[in-house]
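# Breakdown of the fold
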Number of protein chains: 2
Amino acid sequence: MGNVAKSEDFSEWFNSVIKDAKLCDLRYNIKGFIVIMPWAMKSIERIYSLYCAELEKYSHEPAFFPSLVHEKSFSAEKEHVEGFIPEVFWVTEVGTAKLEERYALKPTGEACIYPMYSLWINGIADLPLKIYQRGWVWRHETKATKPFIRGREFLWIEAHNVFADKAAMEKQMPEDFAIAKSVIWERLGVPFIFLRRPQWDKFAGAVDTFAMDTLMPDGKVLQIGSTHLLGTNFSKAYNITYTDSTNKPSSAWQTCYGPGINRIYAAMFSVHGDDKGLVLPIDVAPTQVVIVPIIKKGSEKEVNGAAEDLRTALSAKFRVQADLSDQTPGFKYNKWEQLGVPIRVEIGMRDIASGSAVIVARDTGAKRSVPLDKIAHEIEHEGKEMQKRMMEKSSAFLTCSLELAHNFDEAVKMVSAGKMVAMPFCSEGMDGAECAKKLKEGSSCDARGVAVNHAGCKLPDTHSLEGKKCIVCGKKANVTMWLSRQY
Amino acid sequence: MGNVAKSEDFSEWFNSVIKDAKLCDLRYNIKGFIVIMPWAMKSIERIYSLYCAELEKYSHEPAFFPSLVHEKSFSAEKEHVEGFIPEVFWVTEVGTAKLEERYALKPTGEACIYPMYSLWINGIADLPLKIYQRGWVWRHETKATKPFIRGREFLWIEAHNVFADKAAMEKQMPEDFAIAKSVIWERLGVPFIFLRRPQWDKFAGAVDTFAMDTLMPDGKVLQIGSTHLLGTNFSKAYNITYTDSTNKPSSAWQTCYGPGINRIYAAMFSVHGDDKGLVLPIDVAPTQVVIVPIIKKGSEKEVNGAAEDLRTALSAKFRVQADLSDQTPGFKYNKWEQLGVPIRVEIGMRDIASGSAVIVARDTGAKRSVPLDKIAHEIEHEGKEMQKRMMEKSSAFLTCSLELAHNFDEAVKMVSAGKMVAMPFCSEGMDGAECAKKLKEGSSCDARGVAVNHAGCKLPDTHSLEGKKCIVCGKKANVTMWLSRQY
């Protein structure tokens, strides 16, 4: 890193951190496809574990659906197909032969999964059905790709739920929020707002889309996941019908949920990182503790031995490495700080003599000497304190970036300064689309939707916006709309 | 299940068990592609966890490489490309446009990964490099597909290692065996033989192929994973070169390793299952303990309450379900036996009164009453004993299926009876290919290779085969070749 200040040039910082910590390699020879390197993949696997466990806590079950989707399955839901077809990669040949039909590389699971649901769901006893899949999908994005944030292949989870009625479907929305909160905020320390997207910005084929938006350090919002109420749109298109208690066939009600694992990872390291590099939450850090021996002339054997013993002792509780390489302590400090390892332990002859070691917190750099017989406890304590500090900091950043705007110019100014802005707006229905378009054209600001919940931040009191007029068209404002620049 | 005896018609048993326990759905509308259902996927996820942890214990690190491979990357290693191209699915279109170049859906990782390794490896300090990826690949198999055993999309792990010299490369072979043994045999109870494949049957582009072969209940062998010594074939083709200590560029030495997760799962449930259905090893059973309340008139509330309390108490240690549905106990026994849940707990009024419950082992059906205050301990003990019994049984089956043959007719007879047969054979080199071909034509038997190791079985003493002549051509036999029918 060295010379790139996150606060001054976030984009450059992002690129540097990816390169220096070897998070991914951008030199793969197909545009928009990246190789995810071990240091990132280890954290990503942990994020998957946390998310899958939380989904299962809420009665979701894992399954595996194929990556290829028959073209005819794709065409059932008209809006959906129109939304996704332009981005589809098509398989048309096998070996040296041309296929008689085209297969889509799955850009999202609906067209793949719902024909199966149609077979599986018959009676009320088959509901609710709550299934998720971890994996990756492919979309030929036309916007500029950006590592972990926008790729033509990306890692995610998709959950697809089916319910007997509208009320049951609607309850899934707060549940999806709760799942996101417990992982993204409580474990990864990434705060977010949960917004209902305006009607003109919903998922192709959905009745309503809700999304988790977090604010990146450059003041641009990143959608890290979304949940869609599908109503009966897809169940009618794919014939997902159950026989109700009166023996009549009813269309089922559906939701789908897509936490973007690559984006969650990107948000996590972007929100917590500093000018030295990554700062990783202790739950998902590949290495939680690194031990650096401080060697004076002639003490190498004894100090390295003590470092190795300490590594062995701490391994029962933590993911630990001892860096016994030939580099200087300063070099090692830099290296492990860049990689974001939460706790560094320094041990030298003086420490050995006094039966202690020095522990250093990655976020503050604060050092303190702790007795060796209490070090596991002290590290655990420091890890928890660090997590708290990281959450306070990320929460403060988002909370302080939320503002109210009472007129167009004020809104634009605030958004340009990297804020997320709440403002009076005529409508989140299709009749508001024209105002959103004007806003976008005049300011590059996007209407992100109406806040329905939030995790890890405090929303400003929007009382003063009530009864005001839409800041674009001047008509009666029916909603408080959040505005921002976006990825 | 009911009417299908595994020993009489394994193929029919296999299909029934898949259907009755809902392991996968074969009705997906692209041939050779299956949907893996939750009950199977939960075990498969556990198999992944075990395997990935074991790979990491041996210093492998996870990474993610793209699913699409540029055609030009594919053409570098001639034998490899000839071996795989006939099975490749090609992406040729995007949205409504034709691509200028074709992308292969990855049938295996070499052509995707090695161009990156070429960039990553420069000096001796970059070696060894040991990376794995969990995921799935696509091969347009022309042989008949069979669920979990041969599909056009299948789940696996692939590890790709790079070393500085031949000796280091060769050490990876026993390490790959050790990793397989600790998961496939020690945790899943599936015994296997580790064979060096004859030269005419090796991986396209490899110097030597070693494979884990297990025997399915119908006496046909299933390859559940393989490890390939690539020598410098691929490093020369993909320019994976490092500067050695004398500052000269050297080609690196490579191995790759592919445990077939779908096949390992298939072998596991095939080897252990019985005429009632699945019998799952306790480490990977989605539910380890099912509690069935035994309800007499009027006792419903009390007994269901006790079952629910027991579920809560046992949840700290096991994956437990209490089946409180309205079905009869007999129906529930059948259901959970079909699903292979290792331990059933029965609890009724009499048990409650005596502070006990009955535990039933899935494999033997043996019942015993245990005090409630010791039940967790007793279940743990029973689980371990069951694992031992399952391993003894599967080991005995494979060991008893291994025979020696001293002449062609004897070999064919034994293989037809479902045995794996060791016999004197002229050569495992290309000069033995003609004899293998004759053997195949005359008997449908395949020469699987020379045993280099084994896990969970005892090989017969092959002493009596020494100094004999090849049972096909009558020339001097240089090797003891294993013969079998195969999947």
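Quick note: structure is the one above.
Below you will find a few notes about this structure. (Residues numbered from 1 in each chain as written. Chains lettered and ligands numbered in written order. Predicted model: local features only at pLDDT ≥ 70, side-chain atom pairs only at ≥ 80, totals over all residues. Heavy atoms only, no water.)

## A look at the overall build of chain A
Within chain A, the secondary structure is distributed over 14 helices and 23 strands. Taken against the 2.2 N^0.38 rule, which gives 23 Å for 487 residues, the C-alpha radius of gyration of chain A at 25 Å falls within 12% of a compact globule. Expressed as lengths along the three principal axes of its C-alpha atoms, the size of chain A is roughly 80 × 60 × 50 Å. Partitioning the contacts of chain A with sequence separation of at least 6, the portion at a separation of at least 24 is 70%. Working note: accessible area of chain A is about 19,400 Å², and carbon and sulfur atoms make up 50% of it. Side chains of chain A carry 62 positive and 61 negative charges; the gap between the two charge centres is 2 Å. (Helix = DSSP H or I, 4+ residues; strand = E, 2+ residues; numbered from the N terminus. Rg over C-alpha atoms; globule rule 2.2 N^0.38 Å. Contact = heavy atoms within 4.5 Å. Areas by Shrake-Rupley, 256 points an atom, 1.4 Å probe, with all protein chains shown as cover. Lys, Arg positive; Asp, Glu negative; His and termini not counted. Charge placed at Lys NZ, Arg CZ, Asp CG, Glu CD.)

## A look at unusual backbone geometry
In this structure, the amide linkage connecting leucine 127 of chain A to the following residue, proline 128 of chain A, adopts the cis form with an omega of -10°. Structurally, proline 128 of chain A is set in the loop between helix 5 (110-120) and strand 7 (129-138). Residues other than glycine seldom take positive phi values, yet asparagine 239 of chain B does so here, at roughly 60°. Mapped onto the elements, asparagine 239 of chain B comes out in the loop between helix 7 (233-238) and strand 12 (241-243). One non-glycine residue, serine 444 of chain B, lies in the positive phi region at around 60°. Note on placement: serine 444 of chain B falls in the loop between helix 14 (433-443) and strand 22 (446-455).

## Notes on the pairing of strand 7 (residues 129-138) of chain B
Residue and element names in this part refer to chain B. Here strand 7 lies mainly inside the structure; 10 of its 10 residues are buried. Neither face of strand 7 is left uncovered, since the one carrying Leu129, Ile131, Gln133, Gly135 and Val137 and the one carrying Lys130, Tyr132, Arg134, Trp136 and Trp138 both have all their residues buried. One ladder, built from 2 bridges, connects strand 3 (residues 61-62) with strand 7; its direction is parallel. Paired with glutamate 61 across the strands is isoleucine 131, a residue of strand 7. Relative to strand 8 (residues 153-163), strand 7 runs antiparallel, the two being bridged by 10 bridges. Counted as the bridge partner of glutamine 133 is glutamate 158 from strand 8. (Buried < 20%, exposed > 50% of the residue type's maximum accessible area, 1.4 Å probe, protein only. Pairing = 2+ DSSP bridges.)

## Quick word on the packing of helix 1 (residues 10-20) of chain A against helix 8 (residues 261-272) of chain A
Residues and elements named next belong to chain A. Contact geometry for helix 1 and helix 8: axes closest at 11 Å, N-to-C directions at 110°. For the element pair helix 1 / helix 8, the angle class is roughly perpendicular. As helix 1 runs across helix 8, the sense of the crossing is right-handed. Between helix 1 and helix 8, the contacting residues are Phe10, Trp13, Phe14, Val17 and Ile18 on the first element and Ala266, Phe269 and Ser270 on the second. (Axes fitted to C-alpha atoms, helices over the stretch in contact; angles between N-to-C directions. Parallel < 35°, antiparallel > 145°, perpendicular 65-115°, else oblique. Left-handed = near helix turned anticlockwise from the far one by under 90°.)

## Re the sheet that holds strand 19 (residues 367-371) of chain B
Across a sheet, paired strands are connected by hydrogen bonds in the backbone, their directions being either parallel or antiparallel. All names here are of chain B. Overall, mixed pairing links the 5 strands, which are arranged 16-15-17-18-19 in an open sheet. A single partner strand is all that each edge strand has here, and the edge strands are strand 16 (320-322) and strand 19. The mean inter-strand angle of the sheet, taken between neighbouring strand axes irrespective of direction, is 25°. Bridge analysis of strand 15 (residues 289-294) against strand 16 gives 3 bridges, and the strand direction is parallel.

## Re the relation of the copies chain A and chain B
Aligned on chain B, chain A shows an RMSD of 0.0 Å; the corresponding rotation is 180° and the shift along the axis is 0.0 Å. Given the turn and translation reported, the copies of this chain are related as if by a two-fold rotation axis. Taking C-alpha positions as the reference, the residue of chain A nearest the rotation axis is valine 91 of chain A, at 2.1 Å. Taken together, the interface assignments show that 100% of the residues at the interface of chain A recur at the interface of chain B, consistent with an identical surface on both copies. (Least-squares fit on C-alpha atoms with pLDDT ≥ 70 in both.)

## Concerning the pairing of strand 8 of chain B
Residues and elements named next belong to chain B. Counting buried positions over the 11 residues of strand 8 gives 11, a clear majority of the element. Of the two faces of strand 8, both are covered, the one formed by Glu153, Leu155, Ile157, Ala159, Asn161 and Phe163 as well as the one formed by Phe154, Trp156, Glu158, His160 and Val162. As judged from the 5 bridges shared by strand 8 and strand 14 (residues 253-259), these two strands associate in the antiparallel manner. Looking across to strand 14, one finds that asparagine 161 is bridged to threonine 255.

## Some remarks on the sheet that holds strand 17 (residues 343-348) of chain A
Residues and elements named next belong to chain A. Taken together, the 5 strands give an open sheet; going across it, the order is 16-15-17-18-19, and neighbouring strands pair in mixed fashion. What marks the edges here is a single partner per strand, and that holds for strand 16 (320-322) and strand 19 (367-371). Sheet twist, expressed as the mean angle between neighbouring strand axes with direction ignored, is 25°. In this fold helix 9 (residues 300-314) packs onto strand 15 (289-294), strand 16 and strand 17, with an angle of close to 165° to the strand it touches most, strand 15. Contacts from helix 12 (residues 375-400) reach strand 15, strand 17, strand 18 (356-361) and strand 19, with the element oriented near 10° to strand 18.

## Remarks on the interface of chain A and chain B
At the junction of the two partners, chain A supplies 51 residues and chain B supplies 51 residues. A buried area of about 4,900 Å², summed over both sides, lies between chain A and chain B, and 65% of it is on carbon and sulfur atoms. Of all residues in chain A, Tyr28, Phe64 and Trp136 of chain A give up the largest surface area on contact with chain B, accounting jointly for 14% of the area buried on that side. Remark: the boundary between chain A and chain B carries 4 salt bridges. Among the ionic pairs, glutamate 61 of chain B bridges to lysine 42 of chain A, the shortest N-O distance being 2.6 Å. For the pair chain A and chain B, the interface holds 25 residue pairs in polar contact (both at pLDDT 80 or more). Considering each element in turn, the side of chain A that touches chain B owes the most residues, 6 residues, to strand 5 (residues 89-94) of chain A. For the side of chain A that touches chain B, the residue count by class is 33 nonpolar, 8 polar and 10 charged. Pairing analysis gives 5 bridges linking strand 5 of chain A to strand 5 (residues 89-94) of chain B, with the strands arranged antiparallel. When the bridges of strand 5 of chain B are listed, glutamate 93 of chain A appears paired with tryptophan 90 of chain B. (Buried area = accessible area lost by both parts, 1.4 Å probe. Salt bridge = Lys/Arg side-chain N within 4 Å of Asp/Glu carboxyl O. Polar contact = N/O pair within 3.5 Å; in protein donor to acceptor, adjacent residues only side chain to side chain. Nonpolar A, V, L, I, M, F, W, Y, C, P; charged D, E, K, R; others polar.)

## Side note on the nonpolar core
Within the largest apolar cluster, 223 residues are counted, with the highest numbers of intra-cluster contacts made by Tyr51 and Phe148 of chain A together with Tyr51 and Phe148 of chain B. If we ignore the near neighbours within four places in the chain, the residues touching tyrosine 51 of chain A are Ile157, Ile179, Ala180, Val183, Ile184, Met212, Tyr257, Pro259, Ile261 and Ile264 of chain A. (Core = buried A, V, L, I, M, F, W, Y, C linked by side-chain atoms within 4.5 Å.)

## Section: helix 2 (residues 38-57) of chain A
Residue and element names in this part refer to chain A. Here helix 2 spans 28 Å end to end across 20 residues, near enough to the 28 Å set by a 1.5 Å rise per residue. With 15 of 20 residues buried, helix 2 is to be regarded as a mostly interior element. Looking one or two residues past helix 2, serine 59 carries a phi angle of roughly 65°, positive in sign. (Expected span 1.5 Å × (residues − 1).)

## Some points on the packing of aromatic side chains
Counted by the stated rule, this structure contains 46 aromatic pairs over all chains. For the ring pair phenylalanine 14 of chain B and phenylalanine 269 of chain B, a centre distance of 5.4 Å and an interplane angle of 25° mean the geometry is stacked. Placement of the pair is phenylalanine 14 of chain B in helix 1 (residues 10-20) and phenylalanine 269 of chain B in helix 8 (residues 261-272), with a sequence separation of 255 residues. In this structure phenylalanine 14 of chain B comes out as buried when scored by relative accessible area, which is 0%. On the numbers, 5.7 Å between centres and 80° between planes, the contact of tyrosine 114 of chain B with phenylalanine 234 of chain B is edge-to-face. Residue tyrosine 114 of chain B is located in helix 5 (residues 110-120), and its partner phenylalanine 234 of chain B is located in helix 7; the two are separated by 120 residues in the primary sequence. Through a chain of ring-to-ring contacts, the aromatic side chains of Phe10, Trp13, Phe14, Phe148, Tyr265 and Phe269 of chain A assemble into a single cluster. The side chain of arginine 102 of chain A reaches across the aromatic face of tryptophan 90 of chain A, ending 3.9 Å from its centre. (Phe/Tyr/Trp six-rings, centres within 6.5 Å; stacked < 30°, edge-to-face > 60°. Lys NZ or Arg CZ within 6 Å of the ring centre and 35° of its normal.)

## A look at the pattern of salt bridges
All names here are of chain A. Under the definition given, this model contains 60 salt bridges over all chains. Between arginine 196 and glutamate 428 there is a salt bridge, and its shortest N-O distance comes to 2.9 Å. Of this pair, arginine 196 sits in strand 9 (residues 192-196) while glutamate 428 is found in the loop between strand 21 (420-425) and helix 14 (433-443), placing the two residues 232 residues apart along the sequence. Arginine 196 sits in the partly exposed class, given a relative accessible area of 21%.

## With respect to the state of the cysteines
Enumeration over the complete set of coordinates arrives at 0 disulfides over all chains. As a non-bridged cysteine, cysteine 112 of chain A has cysteine 256 of chain A as the owner of its nearest cysteine sulfur, 13 Å distant. (Disulfide = S-S within 2.5 Å.)

## Here we look at the packing of helix 2 (residues 38-57) of chain B against helix 8 of chain B
All names here are of chain B. Running from N to C, helix 2 and helix 8 point in directions that differ by 115°, and their axes come no closer than 10 Å. One finds that helix 2 runs roughly perpendicular with respect to helix 8. Viewed along their axes, helix 2 and helix 8 form a crossing whose handedness is right-handed. Only Ile261, Asn262, Ile264, Tyr265 and Met268 of helix 8 make contact with helix 2, whose side of the interface consists of Trp39, Ala40, Ser43, Ile44, Ile47, Tyr48 and Tyr51. Taken together, the residues that form the contact of helix 2 with helix 8 break down as 10 nonpolar, 2 polar and no charged.

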